[in-house]
Amino acid sequence: MTAMQSFENSPQIVAIKDVLRELFISMGEGIKNAFISFYEWLKNVPLPVPPTMLKLFSNNKANLILFLLFTAYVIFINIRTFTLFAVDKKHAVKKHGRVPEKKLFKYIWLGGAPGAALAMLIYRHKTLHKNFTVTVTILLIIQLVLFSFVLGFLGFWTFF
């Protein structure tokens, strides 16, 4: 028996393993019970009629504020992403300090895929990097659908 095997079979390690095993089993049972309770609650929730289901916010002023805040966020994050790509391209041409790719990806994931796609088309920057082209394309589709749904939903209940 090696030293490592004797250490793994020591009473303290065996006791710790037993405690951790029991902890994970009880956590699993708790999660299972929570899902069962949620499912039972969900079965008893009455289905709303379509107009009340669609209109979550009955206050038009609150809808307008949410609409304007979300619109401002979408515009800001896309302008910021576009300018980061433009600055990175400018620095790449002049051989200066570059914008880290991690920062570019962060802004793309935060909602800036449309701005990134536009900058990639205009400046022809990062178009040969497969990880950028694939990520931007997929997130562009997802974000455009999400933005149109959220802005359309809030806009509809705000202005009509």
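In the block above lies the structure referred to throughout.
Note that the structure is predicted; figures quoted are calculated from it, not measured.

> Please explain the side chain of D88 as it appears in this structure.
For D88, the location among the structural elements is in helix α4 (residues 60-94). With relative accessibility at 0%, the residue D88 sits in the buried group. In contact with D88, not counting residues within four places along its chain, are R98, V99, L104, H125 and K126.

> Just to check I follow, could you spell out the packing of aromatic side chains for this structure?
For any pair of aromatic rings, the description rests on two quantities: the centre-to-centre distance and the angle between the ring planes. According to the stated counting rule, one finds four aromatic pairs in the structure shown. Relative to F147, the ring of F70 lies with its centre 5.9 Å away and its plane at 70°, an arrangement referred to as edge-to-face. Of the two residues, F70 sits in helix α4 while F147 sits in helix α6 (residues 130-159), which places them 77 residues apart along the sequence. With relative accessibility at 22%, the residue F70 sits in the partly exposed group. On the basis of relative accessible area, F147 is assigned to the buried category, the value being 9%. A centroid spacing of 6.1 Å and a plane angle of 90° characterise the contact between F85 and F132, whose relative ring orientation is edge-to-face. Remark: F132 occurs in helix α6 and F85 occurs in helix α4; sequence separation between them is 47 residues. Comparing F85 with F132, the two get one shared label, buried.

> Honestly, helix α5 (residues 101-123) in this entry has me stumped. Any pointers?
Residues lying three or four places apart along an α-helix face the same way, a consequence of the helix completing one turn every 3.6 residues. Given a rise of 1.5 Å per residue, 23 residues ought to cover 33 Å, yet the end C-alpha atoms of α5 are separated by just 16 Å, more than 12% below that figure. Its maximal kink placed at G112, α5 deviates by approximately 120°, while the proline P114 follows within four residues. Regarding α5, the residues found buried are L104, F105, Y107, I108, G111, G112, A113, G115, A116, A117, A119 and M120. R124 occupies a position one or two residues after α5 and carries a positive phi of about 50°.

> Honestly, the packing of α4 against α5 in this entry has me stumped. Any pointers?
In helix packing, the relevant descriptors are the interaxial angle and the interaxial distance, both defined with respect to the helix axes. Remark: α4 packs on α5, axes separated minimally by 7 Å, with the N-to-C direction vectors making an angle of 65°. Where α4 crosses over α5, the two elements pack in a sense that is right-handed. Here the residues of the contact of α4 with α5 are counted per class, giving 18 nonpolar, five polar and four charged.

> What is the right way to read unusual backbone geometry from this model?
Peptide bonds are mostly trans, and most non-glycine residues show a negative phi. Even without glycine at this site, K95 takes up a positive phi of about 60°. Locating K95 in the fold gives a position in the loop between α4 and α5. Take K95: its relative accessible area is 72%, and that puts it in the exposed class.

> When you look at the pattern of salt bridges in this model, what are you seeing that I'm missing?
Working definition: two side chains of opposite charge can pair if their charged atoms are close together. Tallied over the entire structure, the rule returns four salt bridges. A salt bridge links R98 to D88; its shortest N-O distance comes to 2.8 Å. Pair noted here: R98 is in the loop between α4 and α5 and D88 is in helix α4, with a separation of ten residues, a long-range link. Residue R98 is classed as partly exposed on the basis of its relative accessible area, which comes to 43%. The partner of D88 in a salt bridge is K126, with the nearest N and O atoms 3.9 Å apart.

> I'm lost on the nonpolar core in this one. Help?
One recurring pattern in soluble globular proteins is that nonpolar side chains are buried together. Grouped together as the largest cluster of nonpolar side chains are 17 residues, with contacts concentrated most on F85, L104, I108, F132 and V136. For this core, the secondary structure elements donating two or more residues are α4, α5 and α6. Top contributing element to this core by residue count: α5, with nine residues. Contact partners of F132, with chain neighbours within four places excluded, come to F85, E101, L104, F105, I108, M120 and K126.

Rules behind the numbers
- Residues numbered from 1 in each chain as written.
- Predicted model: local features only at pLDDT ≥ 70, side-chain atom pairs only at ≥ 80, totals over all residues.
- Heavy atoms only, no water.
- Helix = DSSP H or I, 4+ residues; strand = E, 2+ residues; numbered from the N terminus.
- Buried < 20%, exposed > 50% of the residue type's maximum accessible area, 1.4 Å probe, protein only.
- Contact = heavy atoms within 4.5 Å.
- Phe/Tyr/Trp six-rings, centres within 6.5 Å; stacked < 30°, edge-to-face > 60°.
- Expected span 1.5 Å × (residues − 1).
- Bend = angle between axes of the 7 residues up to and from the residue.
- Axes fitted to C-alpha atoms, helices over the stretch in contact; angles between N-to-C directions.
- Left-handed = near helix turned anticlockwise from the far one by under 90°.
- Nonpolar A, V, L, I, M, F, W, Y, C, P; charged D, E, K, R; others polar.
- Salt bridge = Lys/Arg side-chain N within 4 Å of Asp/Glu carboxyl O.
- Core = buried A, V, L, I, M, F, W, Y, C linked by side-chain atoms within 4.5 Å.

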